[in-house]
Amino acid sequence: MRFHFSPKTPLFSLSSSSITSLSLRPFLPSAPKSPFYPSIACHVSTGGNLRMDSTSPDPSSSSSVSVDSVADGLKNQSLREHDISNNNNMNNENKKNNGKLSLEDLNWDHSFVRELPGDPRSDSIPRQVFHACYTKVLPSAEVENPKLVAWSDSVADLLDLDPKEFERPDFPLKFSGASPLAGAVPYAQCYGGHQFGTWAGQLGDGRAITLGEIMNSKLERWELQLKGAGKTPYSRFADGLAVLRSSIREYLCSEAMHFLGIPTTRALCLVTTGKFVTRDMFYDGNPKDEPGAVVCRVSQSFLRFGSFQIHASRGGEDLGIVRSLADYAIRHHFPHIENMSKSESLSFSTGDNDQSVVDLTSNKYAAWTVEIAERTASLVARWQGVGFTHGVLNTDNMSILGLTIDYGPFGFLDAFDPSYTPNVTDLPGRRYCFANQPDIGLWNIAQFASTLMTANLISDQEANYAMERYGTKFMDDYQAILSQKLGLQKYNKQLVNKLLSNLAVDKVDYTNFFRALSNIKADPSIPGDELLVPLKAVLLDIGKERKEAWTSWVQSYIQELVASGISDEERKASMNSVNPKYVLRNYLCQSAIDAAEMGDFVEVRRLLKVMERPYDEQPRMEKYARLPPAWAYRPGVCMLSCSS
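Residues numbered from 1 in each chain as written. Predicted model: local features only at pLDDT ≥ 70, side-chain atom pairs only at ≥ 80, totals over all residues. Heavy atoms only, no water.

Tallied over the full model, the rule gives zero disulfides. The thiol of Cys190 is not disulfide-bonded; the next cysteine sulfur, from Cys133, is found 7.6 Å away. Exposure remark for Cys190: the relative accessible area of 1% places this residue in the buried category. Its sulfur unpaired, Cys269 is 4.9 Å from the next cysteine sulfur, which belongs to Cys296. (Disulfide = S-S within 2.5 Å. Buried < 20%, exposed > 50% of the residue type's maximum accessible area, 1.4 Å probe, protein only.)

Helical geometry note: an α-helix holds 3.6 residues per turn, so side chains three or four residues apart project in the same direction. Three or more residues of helix H16 (residues 568–576) are buried, namely Asp568, Arg571, Met575 and Asn576. The arc that holds every buried residue of H16, seen down its axis, measures 125 degrees, which confines them to one face. Turned more than 90 degrees away from the buried face of H16, the exposed residues are Glu569 and Glu570. Elements that come into contact with the buried residues of H16 comprise helix H12 (460–486), helix H14 (510–517) and helix H15 (544–564). (Helix = DSSP H or I, 4+ residues; strand = E, 2+ residues; numbered from the N terminus. Arc of directions from axis to C-beta. Contact = heavy atoms within 4.5 Å.)

Moving on, we get to the pattern of salt bridges. Summed over all chains, the structure comprises 35 salt bridges. Residues Arg585 and Asp509 are paired through a salt bridge, measuring 2.8 Å at the closest nitrogen-oxygen approach. With Arg585 in the loop between H16 and helix H17 (586–596) and Asp509 in the loop between helix H13 (493–506) and H14, this residue pair connects regions lying 76 residues apart in the sequence. You'll find Arg585 and Asp509 in the same group, each marked buried. Among the ionic pairs, Arg613 bridges to Asp616, the shortest N-O distance being 3.0 Å. Residue Asp616 is classed as partly exposed on the basis of its relative accessible area of 35%. If you follow the salt bridges from partner to partner, you end up with Asp109, Arg114, Glu115, Glu213, Arg221 and Arg331 in one network. (Salt bridge = Lys/Arg side-chain N within 4 Å of Asp/Glu carboxyl O.)

Taking 1.5 Å as the rise per residue, helix H6 (residues 244–260) with 17 residues should run 24 Å; its terminal C-alpha atoms sit 24 Å apart, in good agreement. Where burial is concerned, most of H6 is hidden: 15 out of the 17 residues are buried. (Expected span 1.5 Å × (residues − 1).)

Structure below.
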């Protein structure tokens, strides 16, 4: 395979005669084929189609070995000398209240600014920024009597921050950007990206300003970033601000995803600015003023695929920046790869006719690419498991750490629909619909691999191997997740495909169905007319023919349960631990937004508390697990644009 980095042509130019089609769709019975995005074809060195079979790959085979698993033992030995030396200087006398710190005593580090090239200018005039990874810029959002809407004690704990700091009168001023935070060195990152499959050139942090990195007592690095804090050189024609509506959605969903067990950026706090921001929510020529807000996002890194793409696209001396960025990322966020040696023997046959071998220990960038591919695949598999649709999977919204990042128009499936997209901009082609997410993940990995090839960091064989690993990792994780959701010990392709087909035909609520499924008893003697009783609340308004289809499926399911030999009680507990009762449905967000825009933040905080325990029953909170009411289907609730 040859990759060609070009904004005008596909990233795949297939030159091998032994090309195998790879399509990550078999788990969805009626996945649409987008005119923007036909099913991906790429080189698969194992020589066979990627399948969702009940037979898993042989764990002993070299092709199924994960660089994650092989190198896992190195992760505990990866304390960074630089980080250790920085943290040895921490003044323990500044600690208070059992090791918790005030805002003034946070242990700041600024490795991104210190180790990577920056923009010589520090103004916020929109422009092209060349030969730089960032621009130093101060928050500039207008603020008038800002208020703290919501906060996360668990994120404060990550930073060693005393939760009593949330009570400070000046806290909203500091986290709206109106008052400087001691020790911070604010900057906006430069990156590019493919948007809806088309190279968009320079994008960058148009309304996000990173304050710097906090090193906690565990030697973990956490970046703090204010979203909605004002203009940067990357704002283009925008104002760099954010509204309360989108800020509440981002704050709540990043925290909800974390408590679902899905890798994600976090959110420390959400404040209103006290000023209004003009937005045309539906792009229909009817703008209105909305309350302004700022979210403090937290992540170990906000580096994206697009952070590397922008420099590769410019070529010349900027290719060196791609290498510098890769070295930086590996040094600080993948140190186990930096420490790999030949003794690890991470060598794999590509399966090509010439029996070429990819040796990950001879090229750290190849090992790094493989790990990013696997992290991305695992993330997408988890999204599919909980019915989450991101909505804008552009390459500038893809984290190199395998995190869910940039919550714009997102949505959890209510009525199961493989073609569901929460993004009105995506409606014509549904490129980013639920069904397409696995394929899009692979497409984005291809763009990232092409970038590294352009910078001469990896070969085409190493790029192909990374994509192969994406496919294998996705299938392994997805099959395991579906098996756990069904309470089965092994994956049953026929049973899963029939179930997903039934869910799609009857538009069954995805979350509530799997939660109710744990009530099925492994008893083949149950009369046929009673088999669907445990599912009565989720199988609504189905006729005789559909009842027969569901009865047939439940009978097959019970046979699998009996064969597993697990008690009903044990299986129910296990299933309820992976099938959430509560997810952040769009209508729940909208209810909290409506109240907040009237100055009442109680519902935002209550909803956050519910989402912190998604797998628990939570007595008196059952209303948050109900199906969406009729009003939830009005425009602007379940279909949201990117306007924020």
